[in-house]
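The residues making up each chain are set out below.
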Amino acid sequence: MFRLEDLTLFVRAAALNSFSDAAREVGVQPAQVSSAIKRLESTLAIRLFVRSTRSLRLTPEGEVWLPYARQMLDVMHAGLQKIQTPDDEVSGTLQIAVPSDLGRNLLLPVFQSFRRRYPALRLRIFFSDQVTDVFKDPVDVAFRYGNTEDASYIALPVAPGNRRVLVASPEWVVQNGAPQTPDDLTQLNAMTFVLRGRLHDRWTF
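I will try to describe carefully the structure that is included in this document. (Residues numbered from 1 in each chain as written. Predicted model: local features only at pLDDT ≥ 70, side-chain atom pairs only at ≥ 80, totals over all residues. Heavy atoms only, no water.)

1. Thoughts on the packing of aromatic side chains
Turning to step 1, where the next piece is worked out: The tally for this structure, following the rule as stated, stands at five aromatic pairs.
Turning to step 2, where the next piece is worked out: Ring plane angle 65 degrees and centroid distance 5.7 Å describe the contact between F10 and F49, whose orientation is recorded as edge-to-face. In this pair, F10 is assigned in helix α1 (residues 4–16) and F49 in strand β1 (residues 49–51), connecting sequence segments 39 residues apart. The pair formed by F10 and F49 is uniform in burial state, with each residue classed as buried.
Turning to step 3, where the next piece is worked out: Ring centres 5.5 Å apart and planes at 90 degrees place the aromatic pair F19 and F49 in the edge-to-face group. Placement of F19 in helix α2 (residues 19–26) and of F49 in strand β1 is noted, with a sequence separation of 30 residues between them. The exposure classification of F19 matches that of F49, with both residues buried.
Turning to step 4, where the next piece is worked out: Above the face of the F127 ring, R104 is positioned so that its terminal group lies 4.6 Å from the ring centre. (Phe/Tyr/Trp six-rings, centres within 6.5 Å; stacked < 30°, edge-to-face > 60°. Helix = DSSP H or I, 4+ residues; strand = E, 2+ residues; numbered from the N terminus. Buried < 20%, exposed > 50% of the residue type's maximum accessible area, 1.4 Å probe, protein only. Lys NZ or Arg CZ within 6 Å of the ring centre and 35° of its normal.)

2. Comments concerning the pairing of strand β4 (residues 121–127)
Turning to step 1, where the next piece is worked out: For β4, the tally of buried residues reaches six of seven residues, placing the bulk of the element in the interior.
Turning to step 2, where the next piece is worked out: In terms of strand pairing, strand β3 (residues 92–98) meets β4 through seven bridges, oriented parallel. Looking across to β4, one finds that A97 is bridged to F126.
Turning to step 3, where the next piece is worked out: Read as a crossover between parallel neighbours, the route from β3 over helix α5 (residues 100–117) to β4 is right-handed. (Pairing = 2+ DSSP bridges. Right-handed = clockwise from strand over helix to strand, strands pointing away.)

3. Considering the pattern of salt bridges
Turning to step 1, where the next piece is worked out: One pass over the full model with this rule turns up seven salt bridges.
Turning to step 2, where the next piece is worked out: Across the pair D6 and R39 runs a salt bridge whose closest N-O atoms are separated by 2.8 Å. Residue D6 is located in helix α1, and its partner R39 is located in helix α3 (residues 30–44); the two are separated by 33 residues in the primary sequence.
Turning to step 3, where the next piece is worked out: On the basis of relative accessibility, which here comes to 3%, the residue D6 falls in the buried class.
Turning to step 4, where the next piece is worked out: By relative accessible area, R39 is classed as partly exposed at 34%.
Turning to step 5, where the next piece is worked out: Its salt-bridge partner being R12, residue E25 comes within 2.5 Å of it at the nearest N-O pair. Taken together, the residues E25 in helix α2 and R12 in helix α1 connect sequence positions 13 residues apart.
Turning to step 6, where the next piece is worked out: If you follow the salt bridges from partner to partner, you end up with D21, R24 and R104 in one network. (Salt bridge = Lys/Arg side-chain N within 4 Å of Asp/Glu carboxyl O.)

4. Brief notes about unusual backbone geometry
Turning to step 1, where the next piece is worked out: Here N17, not a glycine, exhibits a phi torsion of approximately 55 degrees, which is positive.
Turning to step 2, where the next piece is worked out: With respect to the helices, strands and loops of the structure, N17 is situated in the loop between α1 and α2.
Turning to step 3, where the next piece is worked out: For N17, a relative accessible area of 47% gives the class partly exposed.
Turning to step 4, where the next piece is worked out: Of note, A45 is a non-glycine position whose phi angle comes to about 60 degrees, a positive value.
Turning to step 5, where the next piece is worked out: Inspection of the secondary structure puts A45 in the loop between α3 and β1.

This is the structure we're talking about:
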């Protein structure tokens, strides 16, 4: 028989690729996550994760079983909400996509606080740097850098006053000289990047 807590910790550890991050998210010790995974592995008679001192990843068997674990959690949560959740309480599942660095370093505490405020609401966080299509992917809300050019999205600024500073290392200045005006930057060699087929090669000040 599976424990609801064990299934939850397994799904979160798989999503975060970390026992420690999963433990912090739900407010338990990492050892409790490890024990939960061991109980599941013992019940299933398979290994769910390949663990080392530096990395954590699902085994092939773990990858196959993960969607079924999610489905079991969804069914159990739906049943619990039917018998326990008041009509005026926020409930259900909210699926959020965030860039990996922004989500782990800044937004994770916000999500944890939000989850404590609405205990009947289940959060499913997807850490990814890919541009999420909220119409095709199982996502309700997506946090992304920059401005969207897709008119079908409703985008709201999270940090409209976010200011950035242009810096250079002393070695770079020695090799290239110090620009005196923003226009000087157009004469310098620079690494650019392509996002969704579009070349981003302009400085904005």
